[in-house]
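Observations on the model geometry
Letter by letter, the chains look like this.
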Amino acid sequence: MSAENPSVDEHGLNGADVAERVARGAVNRVKDRTSRSVTSIIRENVLTLFNAIIVAASVIVLLFGDLRDGIFGGVMIINAVIGIVSELRAKRTLDSLAIVDAPQATVLRDGTLTVVPARDVVLDDVIELTLGDQVSVDGTVLSSVGLEIDESLLTGESRPVKKKQGDQLLAGTSVVAGSGRMVATAVGERVYAQGLSEQARAFTRTVSEIQMSINRVLQVVSVMLLPIVVLTFYSQNRVAGGHGGDWREALVLSVASVIGMIPQGLVLLTSMNFAIGSATLARRGVLVQELPAVEVLARVDCLCLDKTGTLTTGGIRVRSVETVSGDETTVLRALASAASDRTNATAEAIWGHLGDRERAEAAQRIEWSVPFSSARKWSAWGAGSESWILGAPEFVIDETLVENADVLAKVGLAAADGSRVVALVHADEAVVDDELPAKRAVAALVVLEEDLRPDAADTLDYFRSQGVHVRVISGDNPTTVGALAAQAGLTAPDGSPARLMDARDLPEDLTSQAFVDAIENHDVFGRVTPEQKRAMVGALQARDHCVAMTGDGVNDALALKDADLGIAMGNGTQATKAVAQIVLVDSKFSVLPGVLLEGRRIIANMERVSSLFLAKTTYAAVLVIVTALVGWRYPFLPRQFSYIDSLTIGIPAFFLALWPNPRRYVPGFLKRTLSLAMPTGIILSAAALTAFGIVDGPPQARESTAAILSLMLGAIWLLVITARPLSTWKWVLLVCVTSATVGGVLIPPVRRFFSMVAPSGYEWLVILGVGACAAILIEVAQRIFYASQFVRSLEG
C-alpha cells in the first residue's frame, strides 16, 4: 500500500477506504467468539453419547412397552434444559465482561490516531504499536523506534526479536520494547495465526480432574452396556416365557437395566456446576475464560505473585530525586528526556514529577534511543557520542568503582525501606548493540515508592491458613521486594520470615536440580527475568505442585501460559489476558480467596454427589448380573428407576452440589468416590433383592414395590451421610425426600402411574427391616472407609 501511495502512511485510510474494505469483507473478523455460541451450548448438552442411548431406549419403550415407562426421557430433557439455561446465563455474563475487556488497536485514519476494537481493523490500516500492545493482524513494519516483538506464543522462542522497517509482524505477538507503526497486510481468517488472539480468549472446556474421573467411569459403563443388554434380554425373555409373557416385556426390562446403569445427569451436573460457579465469580469481577479453571484453583498449593498490582496498588510516585554529579539543571533535563516516552509506570512517575521547563526541552536533544526492556532493565538515549542511561542501579552503576560505594549504600538503604530506586548515569560514548559504555558516571538517583494494597495482608494470611504456599516473583530489587512482602505479612510456610533470593544468583541451567531446589526453598525472588519466571513455574510443577501464577505485564505471559492456572489483572496487557484462564477485571487481589472457595465448593460437592450417581450404577449392574444368574425377573421397570433416581439422586444432588463447602482439596477424587460408592451399591442391591425375594406376588408389582422402598430407605441413609454435617435446610431436604418416597405409595394416582401397590402390614415390616439393615451396613461401610482415610492421612 505504502509503495503506491506513500502519503497514506502519514494520514492512514479515510472513511471511504474503510467502508469499502468492510463491504468486501477485508476486516479483522474471525468466526471464533469470546465464548461459545448458543448453538454449541445446545449441541454439547443434547448431542451426547449417553443422550443418544437414552433416546434409543425411549423409542424402544414407546414402540413396545407402556408410555409411562418413557418418563426417563423427560428427565433427560429437563436436565438438558437446566444445563442449557444455566450456561446461557453464564455466557451472557462472560460475553458482557469480555466485550469490555476485548483487544483493541490504535489505527491511523484521516490523519488521526483512533482506538478501535481489534476486530474492526481493516486491510491496509496503519496501526500504532506501543509497549504492551498485542499485534492483532499480520503486517509490515512502516517505522520502528527500538521496536522489539515477543513471538513466543507462535514460535516458542522466548527472546524478543528486534524489528525494523520492512520486517513482517504476525498476529498474536506482542510489543515488549519500543514503538512503531505497521500496515495490515492480512486480516481475519487470512492471518497466519488464524485469529490467535481471539482463539486464545475463546471459551474452552479444559480437562479437569473431576471430568477426567467421570469420563473414565462413563467409558467403562459404555463398554458394559451392550453385553448387559444382551444378557438381560436373554435372561428376561426366558423368565417372561415361563410366566406366559413375551419378548416385548423382556425388551422393556432390558431397557430398564440400561437406564439404571447410566449415571444420568452426572456429566451435565458437572458442567452446570462449573457454569454456575463461573457466573457467580463474574458478578464479583472475575472473568473465567475456561470454566474448569475454578476447580483448578481449589487444587492449587503454590501461588506465584508478581509484586506490582498484587501486593501493591500498581501506582508509583517519585519521593525524591538526588543529583549525584553534574549540573542539576542538565541532569533534570536528561532525566526528562529519558522518561519522555512514558511507556511504563516508572517513566510516567518521573515525567509527572518534573517541571514544565524540563519536560518542554526533553525531546529536543534526542538523536537516538534504546527503549526500556524488562530483560535488560534499562533504557538509554543520546546525542552523538554522549549517552544517558536510566535503569536499575545493579545494572547501570559500575559496582567495581570505589567512588560508587556511597551511592550503592544509599540505594541499599532505600531498598530496605521498601522503596524502589532507579539510577541515571552518563557516559561520553554511545550505546552500541545494547552494550553499556565501559565508563559510566552516576548522575542522579530517583527514589520511588509504591502503596501496599490494604487487603494484601489479609489475603496472604488467608492463603497461608489454607496451606497454599505464596511466592513473590518480581523483576525489581530483591531487597525492595522483600521489604514490601514483609510489610504485607508474607512468611515462609512454617511462619518464619520469608526467605529472600536474588534471581541473578540462581543456577544458569534452568532445568538443573539445583535450580529446582532453590525455587522450592525460597519465598521471595527479585531481579527475575521472563525466562526465569517461566522456568520457576516448571520447577514447581516438577515437584508435583499445582501452580497458579498472577501477572499483568507482557513479560508474565509465558509463565501464565505454562502455569496450571494463569491469573491476569484486568489492567494488564492484552497479551497477558489472552493466555490467562482467569482475569481479575477490577485488578483486585482480594477476590482470589473467593475464587478458591468457589473451586473448593465445586470439587468437594461434586465428590459428594458423584458417590450417589456411582452407587446407583453399581447396584444397577449387580441387579442385572444376579437376576440373570438366578433366573429372576428384573425387579424394576424403567419408570420405577426414574422414581428412585429422582428422589434419591437427581433432586438431592442438585441442591447438595450448590451447597457451600470450604473443604480443602485432597488428591484421589475417583478412588475415594468409588471406594464409597461400590460397597454402598452392593449393599443397596442386596437390600432390593432381599425384599424382592421375601415378598411374593401376585401381583408382580407387590414384590417390586418392596424392593423399591427397601432400596430407597438405604439410599436415603446414604443421603444422610453425604449431607453431613447436617444443617436445618439439609434436614428439610431429607424430610422432603423421605416424605415423597412414602407418599408415592400412599397416593393412588402416583402409585398407579409407577406400577406400585400399597404394602400390607407384613410387607411394611419387611421393608423397614431390610431398609434399616441396609442403612446400618452402609453406615458401617462408611465409617470403615473414613477410618482408613484417616490412617492414610497420618501415614502420608
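Keep in mind that this is a model prediction, so the values were computed, not measured.

**Points about the overall build of the chain**
Scanning the chain from N- to C-terminus turns up 30 helices and 21 strands. Evaluated residue by residue, the chain yields a buried proportion of 56% over its 796 residues. Counting every atom, the chain has about 32,600 Å² of accessible surface; 59% of that belongs to carbon and sulfur.

**Quick notes on the pairing of strand β7 (residues 174–186)**
Of all 13 residues in β7, ten are buried; the element is thus mostly enclosed. Examined bridge by bridge, strand β3 (residues 126–129) and β7 share four bridges and lie antiparallel to one another. Each bridged residue has a counterpart across the sheet, and for E128 the counterpart in β7 is R181. In the sheet, strand β4 (residues 138–150) pairs with β7 via ten bridges, with the strands oriented antiparallel. The partner of I149 across the bridge, within β7, is V175.

**Notes on helix α28 (residues 728–746)**
Taking 1.5 Å as the rise per residue, α28 with 19 residues should run 27 Å; its terminal C-alpha atoms sit 27 Å apart, in good agreement. Every buried residue of α28 is accounted for by K730, L733, L734, V737, T741, G743, G744 and V745.

**A short note on the environment of F525**
Following the sequence through the fold, F525 ends up in strand β18 (residues 524–526). Placed 43 residues apart in sequence, F525 and G482 show a C-alpha to C-alpha distance of 7.9 Å. When near neighbours in sequence (up to four residues on either side) are disregarded, F525 contacts R471, V472, I473, S474, V481, M501, A518, I519 and M536.

**Here we look at the sheet that holds strand β21 (residues 582–584)**
As a general point, the strands of a sheet are linked pairwise by backbone hydrogen bonds and lie either parallel or antiparallel. An order of β8-β21-β20-β19-β9-β16-β18-β17 is seen for the eight strands of this open sheet, with the pairing classed as mixed. Because the sheet does not close on itself, it has two edges, and the strands there are β8 (286–288) and β17 (500–502). Here the average twist between neighbouring strands, direction ignored, is 20°. Judged from the three bridges that link them, β17 and β18 form a sheet pairing that is parallel.

**Regarding a nonpolar patch on the surface**
There is a patch of nonpolar side chains on the surface, built from L231, I625, L629, V630 and W632 and spanning about 470 Å² of accessible area. Ranked by the residues each element gives to the nonpolar patch, the list is headed by helix α24 (residues 592–630), at three residues. Mapped onto the secondary structure, W632 falls in the loop between α24 and α25 (638–657). For W632, a relative accessible area of 33% puts it in the partly exposed group.

**Overview of unusual backbone geometry**
Residue P725 is bonded to the preceding R724 through a cis peptide linkage, with omega at -5°. Of note, the phi angle at D110 is positive, near 55°, even though the residue is not glycine. Relative to the helices and strands, D110 is located in the loop between β1 (104–109) and β2 (112–117). At D544, a position not held by glycine, the phi torsion is positive, near 65°.

**Side note on the pattern of salt bridges**
Considering all chains together, one arrives at 24 salt bridges under this definition. R724 is the partner of E779 in a salt bridge, and the nearest nitrogen-oxygen pair spans 3.1 Å. Of the two residues, E779 is situated in helix α30 (residues 761–795) and R724 in the loop between α27 (700–723) and α28; the sequence distance between them amounts to 55 residues. Note on R724: relative accessible area 35%, which makes it partly exposed. Salt bridges linked by common partners bring E20, R21, R24 and D124 together as one network.

**A closer look at the confidence of the model for the chain**
Taken over all residues, the pLDDT of the chain has a mean of 80, while the share at 70 or more is 83%. Counted against residues more than four places away or in other chains, residues 1–7, with its pLDDT under 50, gives eight contacts. In this model, residues 195–205 is a region of pLDDT below 50 whose contacts with residues beyond four sequence positions or in other chains number 41 contacts.

**Some remarks on the packing of α24 against α27**
One way to put it is that α24 packs onto α27 with a least axis distance of 10 Å and a crossing angle of 155°. As the angle between them shows, α24 and α27 are arranged roughly antiparallel. The two elements α24 and α27 meet at a crossing, and its hand is right-handed. Contacts from R608, S611, L612, A615 and Y619 of α24 reach α27 at L711, L718, L719, T722 and A723. When the residues that make up the contact of α24 with α27 are grouped by side-chain class, the tally is seven nonpolar, two polar and one charged.

**Considering helix α13 (residues 328–339)**
Count 3.6 residues to each turn of an α-helix, and residues three or four apart come out pointing the same way. The first and last C-alpha atoms of α13 sit 16 Å apart over twelve residues, in line with the 16 Å expected at 1.5 Å per residue. If you check which residues of α13 are buried, you get V331, L332, A334, L335, A336, S337, A338 and A339. N-capping of α13 is provided by D327, with a side-chain oxygen placed 3.3 Å from the backbone N of T329.

**Some thoughts on the environment of S474**
Looking at where S474 falls in the secondary structure, it is placed in the loop between β16 (469–473) and α19 (478–487). Judged by relative accessible area, which is 2%, S474 ranks as buried. Spatially, the C-alpha atom of S474 lies 9.8 Å from that of C304, the residues being 170 residues apart in sequence. Setting aside residues no more than four positions away along its own chain, S474 makes contact with D306, K307, V481, F525, G526, R527 and V528.

**Quick notes on the state of the cysteines**
This structure, assessed with the given rule, holds zero disulfides. The thiol of C304 is unpaired, and the distance to the nearest cysteine sulfur, on C302, comes to 6.4 Å. Residue C304 is classed as buried on the basis of its relative accessible area of 0%. Free cysteine C546: the closest other cysteine sulfur is in C302, separated by 8.7 Å. For C546, a relative accessible area of 11% translates into the label buried.

**Section: the packing of aromatic side chains**
A full pass over the atoms with the stated rule returns six aromatic pairs. Ring geometry for F654 against F655: centres 5.5 Å apart, planes inclined by 85°, an arrangement best described as edge-to-face. On the basis of relative accessibility, which here comes to 27%, the residue F654 falls in the partly exposed class. With 5.0 Å between their ring centres and 80° between their planes, F753 and F754 make a pair best called edge-to-face. F753 gets classed as partly exposed once you look at its relative accessible area, which sits at 30%. A residue is classified by how much of its surface remains accessible, and F754, at 11% relative accessible area, is buried. An aromatic cluster is present here, built from Y643, F753 and F754 joined pairwise through their rings.

**Concerning the side chain of K163**
Turning to its location among the elements, K163 is positioned in the loop between β5 (161–162) and β6 (168–169). For K163, a relative accessible area of 12% gives the class buried. Polar contacts involving the side chain of K163 include one to the main-chain carbonyl oxygen of Q168, which spans 3.0 Å. Excluding its chain neighbours within four sequence positions, the residues that come into contact with K163 are V141, S144, L147, I149, E151, Q168 and L169.

The rules behind each value
Residues numbered from 1 in each chain as written. Predicted model: local features only at pLDDT ≥ 70, side-chain atom pairs only at ≥ 80, totals over all residues. Heavy atoms only, no water. Helix = DSSP H or I, 4+ residues; strand = E, 2+ residues; numbered from the N terminus. Buried < 20%, exposed > 50% of the residue type's maximum accessible area, 1.4 Å probe, protein only. Areas by Shrake-Rupley, 256 points an atom, 1.4 Å probe, with all protein chains shown as cover. Pairing = 2+ DSSP bridges. Expected span 1.5 Å × (residues − 1). Contact = heavy atoms within 4.5 Å. Axes fitted to C-alpha atoms, helices over the stretch in contact; angles between N-to-C directions. Patch = residues over 30% accessible without salt bridge, like charges linked within 9 Å, V, L, I, M, F, W, Y side chains within 5 Å. Salt bridge = Lys/Arg side-chain N within 4 Å of Asp/Glu carboxyl O. pLDDT = per-residue confidence, 0-100. Parallel < 35°, antiparallel > 145°, perpendicular 65-115°, else oblique. Left-handed = near helix turned anticlockwise from the far one by under 90°. Nonpolar A, V, L, I, M, F, W, Y, C, P; charged D, E, K, R; others polar. Polar contact = N/O pair within 3.5 Å; in protein donor to acceptor, adjacent residues only side chain to side chain. Disulfide = S-S within 2.5 Å. Phe/Tyr/Trp six-rings, centres within 6.5 Å; stacked < 30°, edge-to-face > 60°.

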